[in-house]
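What follows is each chain in one-letter form.
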Amino acid sequence: MSAKLSTISKLLKEQYEGPIREQLNQEALIYRLFAEGPHEWSGDKVIIPLHTGRNDGIAYLTESTAAPGAFVPVPEAGNQSYLDLAVDAKYLYSSFQVTGQAEAKAPGAAGGSEASFVGAMYSEMRGMEKDVRNSMNKDMFTGQGVSAFLVDNLNVVANRRVSGANHLIENMYYELWHVPADDTKNWAMLTDGGAGNTIFQVTNIDTANGECDLASVGGNAPVATAVGATDLVVFNRVTGFGNPVRPQVDEINGLNCLAFGVRSDDCYGNARDAANNTILRGFGFKADHAAAPAGGLSSGQPLTLEDMQLVVDAIAERCEEDVDTIIMHRFTRAQYRNLAQENIRYMPGETSGDLGHRPGDLAFEDMPITVSKDVPFGVIYFLVRDTINTYTLRPGGFQEFTDGGDIVTQKRDKTTGRLTDVREGFWKQYYNMVSELPRAIGVMAGIEYKRA
């Protein structure tokens with residue numbers, strides 16, 4: 001008796017879905033770097049206590065010099081301060097289709113075989129697995145639409161210098177948030193001057209030079225004269241001129257959003273643009289402004305070990321945690337390798353790194369450098385790994401490929417008008433990434449690179 005499409009679907013899920021999920025867990029950067037969170041889902045969200053303040057009830061007990069025999073009173077009991085962080089699951093959906101031509105090769109059809117149909121389905125499953133992994137890796141950095149960084153203080157429309165040009169979208173709209181490195185200064189949106197517009201359209205993206213054009217609805221440039229030499233300006237994607245609605249709130253919270261999200265619909269559910277909310281801020285830094293030099297280099301400053309050390313030390317100053325993970329793009333790694341440094345290699349066994357590094361990989365002060373093609377160009381991330389966790393409500397998996405052998409849908413060829421039977425397979429996953437100590441996220445931007 002020949003196999004039915006429904007039994008083939010079961011075969012695919014049993015024999016192929018497991019290896020594909022395992023491959024995702026091995027190769028998706030988010031699972032390689034960050035462990036599953038210690039808290040469990042309850043209902044439609046998980047509530048996490050987020051540490052926001054230290055115990056103030058501390059005093060040294062010494063004899064008073066003004067009144068011998070009198071002592072300083074024991075301080076009132078204090079406690080650490082916490083904020084209830086409600087984390088929703090973000091949605092990851094993907095689908096593929098197999099046409100009737102592949103179905104014609106299924107068992108029971110003239111000249112068909114089970115192997116040919118399984119092969120066609122499996123090929124689509126593998127292709128979608130790569131697409132899912134790429135989407136997860138990209139969202140790990142720029143999820144929720146916090147995409148790139150303006151790294152100049154010019155007041156012109158054309159050739160604005162940016163880090164992360166590879167994540168900007170042509171003709172898309174963005175708010176530009178100035179995020180000073182100084183905790184005592186407020187974050188604030190850039191405007192186009194007298195008109196007061198705060199949304200700018202991005203055009204003429206140049207990933208080789210690290211540049212783009214920025215213009216408001218009136219064609220004016222964002223005024224950036226208040227941006228300090230070491231300050232960042234964050235690109236926050238919105239839906240259009242005069243419409244600050246964010247279209248990516250269902251995406252995973254990326255590192256950029258965890259560090260610099262400022263809207264109430266960002267990951268922490270509260271605005272972070274006031275000076276007194278420094279406890280939830282990541283740390284951003286750049287090394288002054290510079291236009292693109294000759295020789296194929298992008299805009300930005302040459303990478304220096306001093307600046308990298310400053311970011312590491314700044315994170316330690318803010319949260320008393322030691323950075324243990326550094327992430328950069330391959331183009332930035334080339335700049336780092338070019339620096340004169342002893343013991344630049346990272347050899348397995350020399351540190352506690354468990355990220356699959358190999359001989360020839362690099363390290364900065366025994367911190368292994370992780371490389372990803374999805375890191376924004378000209379940006380380095382400095383992280384404390386155990387302060388960031390993943391949370392999974394529903395692990396990734398394929399849904400049913402068929403409904404018992406009936407046709408799911410039909411697709412019309414726009415050229416010939418012919419209808420083709422189409423079956424669809426779906427991948428579904430609900431999960432999120434959370435930082436329980438945002439001050440332990442550091443971003444260094446404005447680094448020049450040479451694109452291959």
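Whatever comes next refers back to the structure up there.
Residues numbered from 1 in each chain as written. Predicted model: local features only at pLDDT ≥ 70, side-chain atom pairs only at ≥ 80, totals over all residues. Heavy atoms only, no water.

**So, the overall build of the protein**
Looking only at helices and strands, the protein has seven helices and 20 strands in total. Put simply, the protein has 452 residues, and 47% of those count as buried. For the protein, restricting intrachain contacts to residue pairs at least 6 apart in sequence, the fraction spanning at least 24 positions comes to 76%. Summed over all atoms, the accessible surface of the protein reaches about 20700 Å², with 48% contributed by carbon and sulfur. (Helix = DSSP H or I, 4+ residues; strand = E, 2+ residues; numbered from the N terminus. Buried < 20%, exposed > 50% of the residue type's maximum accessible area, 1.4 Å probe, protein only. Contact = heavy atoms within 4.5 Å. Areas by Shrake-Rupley, 256 points an atom, 1.4 Å probe, with all protein chains shown as cover.)

**What to know about the nonpolar core**
Counting 62 residues, the largest nonpolar core has I30, M140, F149, L255, F260 and M433 as the members making the most contacts within it. Here this core takes eight residues from helix α4 (residues 114-142), the largest share from any one element. In contact with M140, not counting residues within four places along its chain, are L29, I30, L33, F34, I252, G254, L255, I327 and M433. Listed in part, the 25 residues of the second largest apolar core include F285, I315, Y336 and M367. (Core = buried A, V, L, I, M, F, W, Y, C linked by side-chain atoms within 4.5 Å.)

**Quick notes on helix α7 (residues 330-337)**
All of the buried residues along α7 are F331, T332, Q335 and Y336. All buried residues of α7 lie within an arc of 145 degrees about the axis, which places them on one face of the element. Packed against the buried residues of α7 are α6 (305-319), β12 (325-328), β14 (361-364), β15 (367-371) and β16 (380-383). (Arc of directions from axis to C-beta.)

**Observations regarding the packing of aromatic side chains**
What the rule picks out here adds up to 12 aromatic pairs. Geometrically, the ring pair formed by Y93 and Y430 is edge-to-face, given 6.1 Å between the ring centres and 90 degrees between the ring planes. Here Y93, found in strand β3 (residues 90-99), pairs with Y430, found in strand β19 (residues 419-435); they are 337 residues apart in sequence, far enough to count as distant. Here Y173 and F241 contribute two aromatic rings whose centre-to-centre distance is 4.8 Å and whose plane-to-plane angle is 70 degrees, an arrangement assigned as edge-to-face. In this pair, Y173 sits in strand β6 (residues 173-179) while F241 sits in the loop between β10 (232-238) and α5 (255-260), placing the two residues 68 residues apart along the sequence. By the ring-pair criterion, three or more aromatic residues cluster together here, those being Y91, Y93 and Y430. (Phe/Tyr/Trp six-rings, centres within 6.5 Å; stacked < 30°, edge-to-face > 60°.)

**Section: the pattern of salt bridges**
All chains considered together, the criterion is met by nine salt bridges. E129 is the salt-bridge partner of R126, the closest N and O atoms lying 3.8 Å from each other. One end of the pair, R126, and the other, E129, are both in helix α4, three residues apart, so they sit about a helical turn from each other. By relative accessible area, which is 24% here, R126 ends up partly exposed. (Salt bridge = Lys/Arg side-chain N within 4 Å of Asp/Glu carboxyl O.)

**A look at unusual backbone geometry**
Of note, the phi angle at Q144 is positive, near 65 degrees, even though the residue is not glycine. Following the sequence through the fold, Q144 ends up in the loop between α4 and β4 (146-150). Residue Q144 is classed as buried on the basis of its relative accessible area of 1%. In this structure, N159 is a non-glycine residue whose phi angle is positive, near 60 degrees. Residue classification places N159 among the partly exposed residues on the basis of a relative accessible area of 45%.

**What about the pairing of β15?**
The buried fraction of β15 amounts to four of the five residues, a majority that puts the element mostly inside the structure. With three bridges joining them, β12 and β15 adopt parallel strand pairing. Its bridge partner being in β15, I326 is matched across the sheet by I369. As paired strands, β14 and β15 are joined by two bridges and run antiparallel to one another. Paired with F364 across the two strands is M367, which belongs to β15. Hairpin connection of β14 to β15: two residues between the antiparallel strands, including E365 at a positive phi of 50 degrees. (Pairing = 2+ DSSP bridges.)

Remember, this is a structural readout, not a statement about activity or role.
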